[in-house]
Amino acid sequence: MAATPAPPTVPPRPTWDPGQPEGPFPWLRPTIRIRLTLLYGGMFLIAGILLLSIIYLLAAQALREGNGLPFKIVGGTDIQVTSTCPGVIGKGQTHDQFNAAINTCILEQRRHALDDLLSRSLMALLGLSIIAFAFGYAMAGRVLSPLGKITRTARRVVGSDLTRRIELDGPDDELKELADTFDEMLDRLERAFTAQQRFVANASHELRTPLAINRTLLEVHLSDPGAPVELQQLGKTLLATNERSEQLVEGLLLLARSDNQIVERKPVDLAEVASRAIDQARGEAAAKGVEIRGERAPAVVQGNGVLLERIALNLVQNAVRYNVPEGGWVEVTTESQHGQAILVVSNTGPVVPAYEVDNLFEPFRRLRTERTGSDKGVGLGLSIARSVARAHGGRISATPREGGGLVMRVTLPL
């Protein structure tokens, strides 16, 4: 049976979706929508500044060309003028002094007019820029709304719901081409996973049936009291080999099934799961003189109870089997912290080099042993535990313990 490739870890939840609220401060996130808004608004602001500068320069030039007064007082004895400009009205002024004062007043009025034009134009530009940024934000959301639909579909697909399709309507543009390509990829993935599930179901029947028949025949022959001693010894050896093959088949099938995400989830208490695993391994631990201890606080997660129990059982069994000959112990603890449920299995045992820790999670790999030939298992326990943890959106890590042994830490989201 070909081993199925390990799936990628569950991707993090995207930080942007046009169809969903973006939190209290959406403008602090450098999303595509924000960048497009800044691009649209920035282009409008630059164009507005250029237009304002051109208008201001043209107005200033037009006013400077008219520096000379269109009139000049050259004579008269009874001229009366009122003005708000200081220095225009004065006693004993000559005609030239009076004309200079009038010219200064006109130039001051032109300067005030230019300043007023500039200030009002800047206020208008500011208001229009705010409107442009708001309009750009709305238009960016409308243009990128198909990406939001693609994102929501991808999230559902992450949950192993391969029946979802985007089916994007609209013009035949780049976004529709992307959505159609994504739909085609989902079609191929659905066919591949369906074929895999069908293969696993068929393999379950085709592999289990002959092994069960062999076990039954061997047990029948071993139950015959008149069978020769050599035949009974051979039967026991074949029965042990058959049992190992059954464990290998069960492990491979469980590994293949656990590679997928868990669709149906129910509340599961890791403390209860760990206690059941300890009860199943207690007899083997007593036979090897290994003490099992540890406090288990409630830690409820959403998942599959059978698969989570398999994680705990595999870790506890490994901790018992790979232990010191005398005075060994296994500590199993559960707790909840920072929105996560944590299962920790620590044990005494041989010293494990740090560079060999990652290899322990590979199928059929054991510490300092050949890939086959060990009587402690089939080499799939930690591989199954890692696949089950990934299927629940969690992870498992191993750390060498000072003095020998390992600390296995399983972290699952609450």
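Details of the structure are given in the entry above.
In this text, all values refer to a predicted model and were calculated from it rather than measured experimentally.

Draft legend 1. Quick look at helix α6 (residues 305-321). Helix length check: α6 (17 residues) gives 24 Å between terminal C-alpha atoms against 24 Å at 1.5 Å per residue, within 8%. Within α6, 12 of the 17 residues are buried, which leaves it mostly tucked inside the rest of the structure. The set of residues buried in α6 consists of L307, L308, E309, I311, A312, L313, N314, L315, V316, Q317, A319 and V320. If you check the start of α6, you find a side-chain oxygen 3.0 Å away from the backbone N of L307, and it comes from N304.

Draft legend 2. Region of the structure containing the pairing of strand β3 (residues 300-303). Burial of β3 is one-sided: the residues V301 and G303 facing one way are buried, the residues V300 and Q302 facing the other way are not. Note that strand β1 (residues 266-269) and β3 share 4 bridges and pair antiparallel. Opposite V268, over in β3, you have V301 as the bridge partner.

Draft legend 3. Local environment of the sheet that holds strand β5 (residues 340-347). Spatially, the 5 strands line up as an open sheet ordered β2-β4-β5-β7-β6, and their pairing is mixed. The sheet is open, and its two borders are formed by β2 (291-293) and β6 (395-400), each paired with just one other strand. Along the sheet, successive strands turn relative to each other by an average axial angle of 15°, direction set aside. Summarising the sheet, β6 and strand β7 (residues 406-413) pair through 6 bridges and their orientation is antiparallel. Looking across to β7, one finds that S397 is bridged to R409. Running over the sheet, helix α5 (residues 270-288) touches β2, β4 (329-337), β5 and β7 and is turned about 175° from β4. Along the sheet, helix α7 (residues 381-391) makes contact with β6 and β7, crossing β6 at roughly 135°.

Draft legend 4. Fine view of unusual backbone geometry. Despite not being glycine, H338 has its phi angle at roughly 55°, a positive value. Here H338 is to be found in the loop between β4 and β5.

Draft legend 5. Summary view of the packing of α5 against α6. Taken N-terminus to C-terminus, the directions of α5 and α6 make an angle of 25°; their axes are 8 Å apart at the nearest point. Here α5 lies roughly parallel to α6, going by the angle between them. For the crossing formed where α5 meets α6, the hand is right-handed. Of the residues in α6, those in contact with V273, A274, R276, A277, Q280, A281, E284, A285 and K288 of α5 are G305, L308, E309, A312, L313, V316, Q317, V320 and R321.

Draft legend 6. Representation of the environment of L414. With respect to the helices and strands, the residue L414 is situated in the segment after β7. Those residues in contact with L414, other than ones at most four positions away along the chain, are V300, V301, S336, G339, Q340 and A341.

Draft legend 7. Region of the structure containing the packing of α6 against α7. Here α6 crosses α7 at 145°, and the two axes come no closer than 9 Å. Relative to α7, the crossing made by α6 is left-handed. Each of L307, L308, R310, I311, N314, L315 and N318 in α6 lies in contact with α7, whose residues at this interface are G381, L382, I384, A385, V388 and A389. Split into classes, the residues belonging to the contact of α6 with α7 amount to 9 nonpolar, 3 polar and 1 charged.

Draft legend 8. Structural view of the nonpolar core. Residues I311, L315, V330, V332, L343, V345 and M408 are the most contacted members of the largest nonpolar core, which totals 41 residues. Secondary structure elements with two or more residues in this core: α5, α6, β4, β5, α7, β6 and β7. A per-element tally of this core places α6 first, with 9 residues. Once residues lying within four places of it in the same chain are set aside, the contact partners of V332 are A274, I278, R293, G294, E295, R296, V316, L343, V344 and V345. Counting residues in each nonpolar core, the second largest holds 10 residues, with L147, I150, L168 and F182 among its members.

Draft legend 9. Highlighting the environment of H392. Within the secondary structure, H392 is located in the loop between α7 and β6. The exposure class of H392 is buried, given its relative accessible area of 3%. In the structure, H392 is positioned 21 residues away from P413 in sequence and 8.0 Å away in space, judged by C-alpha atoms. A polar contact is formed between the side chain of H392 and the backbone nitrogen of N304, at a distance of 3.0 Å. A distance of 2.8 Å separates the side chain of H392 from the backbone oxygen of V388, its partner in a polar contact.

Calculation rules
- Residues numbered from 1 in each chain as written.
- Predicted model: local features only at pLDDT ≥ 70, side-chain atom pairs only at ≥ 80, totals over all residues.
- Heavy atoms only, no water.
- Helix = DSSP H or I, 4+ residues; strand = E, 2+ residues; numbered from the N terminus.
- Expected span 1.5 Å × (residues − 1).
- Buried < 20%, exposed > 50% of the residue type's maximum accessible area, 1.4 Å probe, protein only.
- Polar contact = N/O pair within 3.5 Å; in protein donor to acceptor, adjacent residues only side chain to side chain.
- Pairing = 2+ DSSP bridges.
- Axes fitted to C-alpha atoms, helices over the stretch in contact; angles between N-to-C directions.
- Contact = heavy atoms within 4.5 Å.
- Parallel < 35°, antiparallel > 145°, perpendicular 65-115°, else oblique.
- Left-handed = near helix turned anticlockwise from the far one by under 90°.
- Nonpolar A, V, L, I, M, F, W, Y, C, P; charged D, E, K, R; others polar.
- Core = buried A, V, L, I, M, F, W, Y, C linked by side-chain atoms within 4.5 Å.

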